[in-house]
Amino acid sequence: MQDETYRPDWVPEDAGSQFACRVMRGREGVRNGADSAACVVPSSPARRLSLEDYEAGILAGDRMILARAITLIESNAPRHAEPAQELVRRLLPHTGETIRVGITGVPGAGKSTFIEALGCLLCDRGHRVAVLAVDPSSSVSGGSILGDKTRMELLSRHPRAFIRPSPSGGTLGGVTRKSRETLLLCEAAGYDVVLVETVGVGQGETTVRSMVDFFLVLVLTGAGDELQGIKKGVIELADAILVNKADGDNRRNALVAQADYNQVLHYLRPGTEGWTTRAYTCSALTGEGIADIWEVVLEFRRLVRESGFFQRRRYLQTLAWVESMAEEHLRNRMAQNPAVAACREDIRRRVLTGDISPTAAARELIDAMEKAFFLPADVPSSDGVRSVRFSSD
């Protein structure tokens, strides 16, 4: 029987299972959807993977299983929470040796182009590179708006690279609430460099600092960013500032911006103990300066490892992860509690009709949460009324 699929000519000869490299042939004699009923090919659902399948596939570097595992991690379904955390627990011993680089910058700074240039350089040098690209979420569908994977055409086709776009889901700080777990899965899959691209909306892109080793901020010339540099926020957390698009007629402006930023950084406390933050220039379009900034990252890793600060930062990041998971669990339990949900709906109606002020409404909602979760039975609440212990289920 003739093979129903064929291999597209753009697929590398040595490509493995990481490429969707088989395309189904069309049906002969069918035009514009005519006789479409005869062309329907029943598709079999994807096989459900066990935790053992996920673990073995990730440790073997299977990109398809890695992608499915990340989907499991990012799922909001309650039935996926326990297996997702168990998978992370099993893979945790296989993590920790990766270089983690956070990359942020205002929209238009060229983050995606820079990451593609850097990622291709590292892959050609023998590294395995994972890119976690966090996109703004659609307020309608909840999905990604930009789709960074489609904007990194060369890197997405490289056999040593893995790109995972994820919607931010409205999470502040430039990353998703599951970015830490996703990063660990990539490490367990054998990627020795993980690049985390934030949403990139300004001074608030700081949460990524708590999950990476090196924090890089991309800036532009002529956008007023030189003055923004004196503000507290993302600049004071940076381990390096990179003035992108330093090519052509803009090269001179980029050198001026570099000097301005170095002057500003002189008055700011470094983001990492024992390291001096400096500004650099590059052109993601021509590739100039890309190799130089990677040498800066390697020098940074060498110094912080020798000083012992590298391991201390990893410990602090683990503690921050614990705190964030505990806070997320409490928020979810409160949102799912029927007594709190009923109180919230009642308060919303009264606020809309003007029967209660927002301050009083917040106080009532807080009292309902305290009664449901934190106060023993028959203990008066803040308003002097004895509480009834609600079930948290």
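Residues numbered from 1 in each chain as written. Predicted model: local features only at pLDDT ≥ 70, side-chain atom pairs only at ≥ 80, totals over all residues. Heavy atoms only, no water.

## Remarks on the overall build of the protein
Here's step 1: For the protein, the count of helices and strands is 13 helices and nine strands.
Here's step 2: The buried share among the 393 residues of the protein stands at 41%.
Here's step 3: A sequence separation of at least 24 residues applies to 70% of the contacts in the protein between residues at least 6 apart.
Here's step 4: Within the structure as shown, the protein displays about 21,400 Å² of accessible surface, and the carbon and sulfur contribution to it stands at 55%. (Helix = DSSP H or I, 4+ residues; strand = E, 2+ residues; numbered from the N terminus. Buried < 20%, exposed > 50% of the residue type's maximum accessible area, 1.4 Å probe, protein only. Contact = heavy atoms within 4.5 Å. Areas by Shrake-Rupley, 256 points an atom, 1.4 Å probe, with all protein chains shown as cover.)

## Describing helix α1 (residues 51–59)
Here's step 1: Taken residue by residue, α1 has L51, Y54, G57 and I58 as its buried positions. On an axial view of α1, the arc spanned by its buried residues comes to 140°, and they lie on one face.
Here's step 2: For α1, the secondary structure elements touched by its buried residues are α2 (63–74), α3 (78–91) and α6 (179–188).
Here's step 3: A positive phi of about 80° marks G61, the residue just after α1. (Arc of directions from axis to C-beta.)

## Section: the pairing of strand β8 (residues 240–243)
Here's step 1: Burial along β8 is two-sided: the residues A240 and L242 and I241 and V243 are all buried.
Here's step 2: As defined by bridge partners, strand β7 (residues 214–219) adjoins β8 across four bridges and the pair is classed as parallel. Bridging across to β8, V217 finds its partner in I241.
Here's step 3: In this sheet, strand β9 (residues 278–281) lies alongside β8 in parallel orientation, the contact comprising four bridges. Its bridge partner lying in β9, A240 is registered against R278.
Here's step 4: The handedness of the β8 to β9 crossover, carried by helix α9 (residues 251–265), is right-handed. (Pairing = 2+ DSSP bridges. Right-handed = clockwise from strand over helix to strand, strands pointing away.)

## Topic: the packing of aromatic side chains
Here's step 1: Summed over the entire model, instances satisfying the criterion amount to three aromatic pairs.
Here's step 2: On the basis of an interplanar angle of 35° and a centroid distance of 6.0 Å, the ring pair of F162 and Y191 is categorised as tilted. Linking F162 in strand β5 (residues 161–167) with Y191 in the loop between α6 and β6 (193–197), this pair joins segments that are 29 residues apart in sequence.
Here's step 3: According to the relative accessible area criterion, F162 is buried, its value standing at 7%.
Here's step 4: When the ring of F214 is compared with that of F300, the centres are 5.0 Å apart and the planes differ by 80°; the resulting orientation is edge-to-face. With F214 in strand β7 and F300 in helix α10 (residues 290–307), this pair connects stretches of sequence that are 86 residues apart.
Here's step 5: By relative accessible area, which is 1% here, F214 ends up buried.
Here's step 6: An aromatic cluster of at least three residues, connected via ring pairs, comprises F214, W275 and F300.
Here's step 7: Between the NZ or CZ atom of R305 and the centre of the ring of F310, over which it lies, the distance is 4.2 Å. (Phe/Tyr/Trp six-rings, centres within 6.5 Å; stacked < 30°, edge-to-face > 60°. Lys NZ or Arg CZ within 6 Å of the ring centre and 35° of its normal.)

## Overview of the pattern of salt bridges
Here's step 1: Using the criterion set out here, one finds 20 salt bridges in the structure.
Here's step 2: Residues E153 and R157 are paired through a salt bridge, measuring 3.3 Å at the closest nitrogen-oxygen approach.
Here's step 3: When its relative accessible area of 48% is taken as the criterion, E153 is described as partly exposed.
Here's step 4: Judged by relative accessible area, R157 falls into the partly exposed class, the value being 37%. (Salt bridge = Lys/Arg side-chain N within 4 Å of Asp/Glu carboxyl O.)

## Looking at the side chain of N244
Here's step 1: Turning to its location among the elements, N244 is positioned in the loop between β8 and α9.
Here's step 2: Excluding anything up to four places from it in sequence, N244 contacts A109, G110, L218, V219, N250, C282, S283 and A284.

## Section: the nonpolar core
Here's step 1: One finds I58, L66, L87, L185, C186, I235 and I241 to be the most contacted residues of the largest nonpolar core, which totals 46 residues.
Here's step 2: The dominant element in this core, judged by the number of residues it contributes, is α2, at six residues.
Here's step 3: Judged by nonpolar contacts, the second largest core, of 36 residues, contains L122, F214, W275 and A284. (Core = buried A, V, L, I, M, F, W, Y, C linked by side-chain atoms within 4.5 Å.)

## So, the packing of helix α11 (residues 309–336) against helix α12 (residues 338–353)
Here's step 1: It is at 5 Å that the axes of α11 and α12 come closest, and there the two elements cross at 70°. In terms of orientation, α11 and α12 fall into the roughly perpendicular class. Between α11 and α12, the contacting residues are M334, A335 and Q336 on the first element and P338, V340, A341 and R344 on the second.
Here's step 2: A class-by-class count of the residues in the contact of α11 with α12 yields five nonpolar, one polar and one charged. (Axes fitted to C-alpha atoms, helices over the stretch in contact; angles between N-to-C directions. Parallel < 35°, antiparallel > 145°, perpendicular 65-115°, else oblique. Nonpolar A, V, L, I, M, F, W, Y, C, P; charged D, E, K, R; others polar.)

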